[in-house]
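Single-letter residue listing:
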Amino acid sequence: MVIFFEKFARLSLKSTFIWSLCPQYSTALTTVGRALIVRSTNPGAAPPRLPFSRVTQEVLAFFRTLLPGRTITDPDLLKSSNVDWLKTVEGNSEVLLRPKTTEEVSQILRHCSERNLAVCPQGGNTGLVGGSVPVFDEIILSTSLMNQVITFDNISGILTCQAGCVLENLSNYLEERDFIMPLDLGAKGSCHIGGNVSTNAGGLRLLRYGSLRGTVLGLEVVLADGRILKCLATLRKDNTGYDLKQLFIGSEGTLGVITAVSILCPRKPKAVNVAFLGCSSFQQLLETFQYCRGMLGEILSAFEFLDASCMSLLEKHLKLTNPITESPFYIVIETAGSNATHDEEKLHQFLEEVMTSSLVTDGTVATEATKIKALWSLRERVTEALTHEGYTYKYDISLPVEKIYDLVQDMRGHLGDMAKNVVGYGHVGDGNLHLNITSPSKDPALLAAIEPYVYEWTSEWKGSISAEHGLGLKKRNYIYYSKPSEAVALMGSIKAMLDPKGILNPYKTLPDNIH
């Protein structure tokens, strides 16, 4: 069965027909000592529609009065907001709201709570797990017009802005002031900072600057009943009780709608170097990483990898040129510091060491912006290249660093000729593998061979089934592979406390048996 079949989804939305293909649960024990995992015949499929109210003319009249010209009901205008970036999940919302202020968000949620109307918060809609689009007819609450910088302190480097600010726009704003965002993503041209925080996005700079759980200092959040939680702190140290903002970082809009963010931004490095290297084996790549951390230390800002299959797709579909000798594995290393001479000397010493010891077979270094961008494109555009291969099954996995590529190799052996491609790339510095499997079109048999095998494998090696993209709709029922049942039950209790009617982003993050 295809996970999201457009015709069937619309049938269930436009009538009182209830999904006949709702998950039928059974329990299966995974690894020894692990909790019982709730499993269904198709855990990623949409559950039955919950008994939320439907939008009436009275409701529309309220929204049109509150948001004149910003209450969208035109089906053509709604289409792009109803489907995810991968075009694998499609809802049937009839209303898109575009507030500009926190107070407007508050009034929207208060009205929806009183009338039991479900809401789907939406930022740039760049997610990969179906978390940012409606499943049925939820009202879409877009932050796209909440795009103002509120304050920036050029002494502390603390930026406070609305949740709808596009990441790239914030990066440009900060660079003009000699600072940078601690977060860098391939989707930076369209993703919103509020969505980044809601999914605890990782990205290319996590090795250097850490996760958003450390760099986000404060949040402004509107709760399900319309209350505004103003925890928009600009202090790096505040040890007064529970750190409530952490509840909302990574909660995917299920506990509250983030409307503003305070984030600590580092100074813009004066010297940036990027090295693109080739390795003959993944073991040599890991040894290179060890040398890299030891010899580059404080100036190391990224250590990324892609395999030869990724490079072939970049050359085939995007006509990008491999700047070095063909290799089984490629590394992108970035250094960022304050002294160009010092940084270049350290980098050259490192390169001499790994070349002499035959860990690296070939390489090139860039210091100019255009050449740096060209080298980074070989890593950042892999996702784009994969879109030309047909349908892609995407997995965002966190594993012990030494096991990262074992999963790719084992998956190739497991799938055999069923898959067109099985490729791996990602962030070696934080143990994050992006496993991608392609086929000419959606293939239920291939999906059944991949899942739950990929999650069982990850669980066996004490990994996480979602390193940085969240759980959304697609992975919600697989949460038990990474979290014990007691933790999931506690998450359900927190959800029930903050959103007792369950109106915020229903069908997402938590498994069906918790909702």
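Going by the annotation in an unreviewed UniProt entry, the name recorded for the protein is D-2-hydroxyglutarate dehydrogenase, mitochondrial, with Sinocyclocheilus anshuiensis given as the source organism. Under Function (unreviewed entry), UniProt gives the following word-for-word description of the protein: "Catalyzes the oxidation of D-2-hydroxyglutarate (D-2-HG) to alpha-ketoglutarate. Also catalyzes the oxidation of other D-2-hydroxyacids, such as D-malate (D-MAL) and D-lactate (D-LAC). Exhibits high activities towards D-2-HG and D-MAL but a very weak activity towards D-LAC." According to the UniProt record, the Subcellular location (unreviewed entry) comment for the protein reads "Mitochondrion".

Looking now at helix 2 (residues 57-66). Looking at helix 2, one finds that the buried residues are Val59, Leu60, Phe63 and Leu66. Looking straight down helix 2, one finds its buried side chains confined to an arc of 130°; they lie on one side. Opposite the packed face of helix 2, turned more than 90 degrees from it, sit the exposed residues Gln57, Glu58 and Thr65. At its buried positions, helix 2 is contacted by strand 3 (71-72), strand 4 (96-97), helix 4 (102-114) and strand 6 (139-142).

With respect to the element layout, Ser327 can be found in the loop between helix 11 (308-318) and strand 14 (329-337). Counting along the chain gives 34 residues from Ser327 to Thr361, while the straight-line C-alpha distance between them is 7.9 Å. Ignoring any residue separated from it by four or fewer positions in sequence, one finds Ser327 in contact with Gly278, Cys279, Ala308 and Thr361. From its side chain, Ser327 meets the backbone oxygen of Thr325 in a polar contact 3.1 Å long.

For the rest of this paragraph, the subject is the sheet that holds strand 9 (residues 216-222). The strands that make up a sheet are held in pairs by hydrogen bonds between backbone atoms, and each pair lies either parallel or antiparallel. Taken in spatial order, the 5 strands make up an open sheet running 7-8-11-9-10, and their pairing is antiparallel. Of all the strands in the sheet, just strand 7 (149-153) and strand 10 (228-231) have a single pairing partner and so form its edges. The average undirected angle you get between the axes of adjacent strands in this sheet is 10°. Bridging between strand 7 and strand 8 (residues 158-162) involves 4 bridges; their strand directions are antiparallel.

Let's shift gears to the pattern of salt bridges. Under the counting rule described, the total for this entry stands at 19 salt bridges. Salt-bridge contacts for Lys403 lead to Asp406; the nearest nitrogen and oxygen are separated by 2.8 Å. Among the residues examined, Lys403 registers a relative accessible area of 15% and is labelled buried.

For strand 14, a buried count of 9 out of 9 residues is recorded, marking the element as mostly surrounded by other parts of the structure. Going residue by residue along strand 14, you find Phe329, Ile331, Ile333, Thr335 and Gly337 tucked away on one face and Tyr330, Val332, Glu334 and Ala336 tucked away on the opposite face as well. Note: strand 12 (residues 271-279) against strand 14, 9 bridges, orientation antiparallel. Paired with Phe276 across the strands is Val332, a residue of strand 14. Here strand 13 (residues 300-307) pairs with strand 14 via 7 bridges, running antiparallel. Bridge pairing links Phe305 to Ile331 in strand 14.

Definitions and cut-offs
- Residues numbered from 1 in each chain as written.
- Predicted model: local features only at pLDDT ≥ 70, side-chain atom pairs only at ≥ 80, totals over all residues.
- Heavy atoms only, no water.
- UniProt positions renumbered as here; feature names shortened; annotations may be inferred.
- Buried < 20%, exposed > 50% of the residue type's maximum accessible area, 1.4 Å probe, protein only.
- Helix = DSSP H or I, 4+ residues; strand = E, 2+ residues; numbered from the N terminus.
- Arc of directions from axis to C-beta.
- Contact = heavy atoms within 4.5 Å.
- Polar contact = N/O pair within 3.5 Å; in protein donor to acceptor, adjacent residues only side chain to side chain.
- Pairing = 2+ DSSP bridges.
- Axes fitted to C-alpha atoms, helices over the stretch in contact; angles between N-to-C directions.
- Salt bridge = Lys/Arg side-chain N within 4 Å of Asp/Glu carboxyl O.

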